[in-house]
Amino acid sequence: MNANRLAGAAFQRPAAPARHRCGGFTLLELLVVMAIIGLLAGYVAPRYFSQIGKSEVKVARAQLDAVDKALEQYRLDVGQFPTQEQGLAALMKKPANQARWDGPYLKKEVPTDPWGRAFIYKIPGERSEYDLISLGRDGAPGGTGEDADLRNN
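The residue numbers shown here count from 1 along each chain, following its written sequence. In keeping with the predicted nature of the model, local features appear solely for residues at pLDDT of at least 70, side-chain atom pairs appear and are counted solely at 80 or more, and the whole-chain, interface and lining totals rest on all residues. Each side-chain value is derived from all of the structure's non-hydrogen atoms; neither hydrogens nor water enter the calculation.

1. Digging into the side chain of S134
Step number 1: Secondary structure counts use DSSP, requiring at least four H or I residues in a row for a helix and at least two E residues in a row for a strand, with both numbered from the N terminus. Within the fold, S134 resides in strand β2 (residues 131–134).
Step number 2: Buried, partly exposed and exposed residues are distinguished by accessible area as a fraction of the type maximum, computed with a 1.4 Å probe on protein chains only: under 20%, between the cut-offs, and over 50%, respectively. Looking at S134, the relative accessible area reads 1%, which means it is buried.
Step number 3: Polar contacts here mean pairs of N or O atoms no more than 3.5 Å apart (in protein, one a potential hydrogen donor and the other a potential acceptor; neighbouring residues in sequence count only if both atoms are side-chain atoms). A polar atom in the side chain of S134 sits 3.0 Å from the side chain of D113.
Step number 4: Any two residues having at least one pair of non-hydrogen atoms within 4.5 Å are treated as being in contact. With near-sequence residues (within four places) excluded, S134 lies in contact with D113, W115, F119, A148, D149 and L150.

2. Describing the confidence of the model for the protein chain
Step number 1: A residue-level look at the protein chain finds 83% of positions with pLDDT of 70 or above and a mean pLDDT of 84.
Step number 2: Every residue gets a pLDDT, meaning the predictor's confidence in that residue, from 0 to 100. Considering each helix and strand of the protein chain separately, the mean pLDDT is smallest for helix α1 (residues 2–11), with a value of 56, and largest for strand β1 (residues 120–122), with 93.

3. Observations concerning the sheet that holds β1
Step number 1: Taken in spatial order, the 3 strands of this open sheet run β1-β2-β3, and their pairing is antiparallel. With partners counted over all chains shown, the strands left at the sheet margins are β1 and β3 (150–151), one partner each.
Step number 2: Sheet analysis places β2 next to β3, joined by 2 bridges and oriented antiparallel. Its bridge partner being in β3, S134 is matched across the sheet by L150. Should DSSP find at least two bridges between two strands, the strands are taken to pair.

4. Quick word on the nonpolar core
Step number 1: What we call a nonpolar core is a set of buried Ala, Val, Leu, Ile, Met, Phe, Trp, Tyr and Cys residues that are connected through their side-chain atoms within 4.5 Å. By size, the foremost hydrophobic cluster in this structure holds 22 residues, and its most contacted members are L71, Y74, L88, L91, Y105, Y121 and L132.
Step number 2: Tallying contributions element by element places helix α2 (residues 27–78) first for this core, with 8 residues.
Step number 3: Setting aside residues up to four positions removed in sequence, L132 forms contacts with L64, V67, D68, L71, L88, F119, I120, Y121, L150, R151 and N152.

Next comes the structure, spelled out in structure tokens:
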């Protein structure tokens, strides 16, 4: 019987060294995770960026409202709106020959719209005594959505 054991032992494979698996990830696992992240980003990113555009429009409307109120306060103090030549700078710096000016009428400098362009001030206005306009994201007259012009009235 001992001979059979010895003969059987000769045909057995030698024992493989024990593998110790470290705590890493396989390439396949990493690719699956990256694919899932890519799918989530493709789904969430458009919704996120559309909210940014909407918030820029809201900020522009709030700025228009603040400048509009400052112009109304200027008119109450001075008796008229700033002329086209004086522009919105009259809200921050006293124009020549304006004894009743009691500004500045804004806490900070006259803001630019969220897209970095100055608001357009027209007096007399097309729709009211004056027009205060932001040309929207595209900076061109007209447009729809985020590219639409924003007005004080």
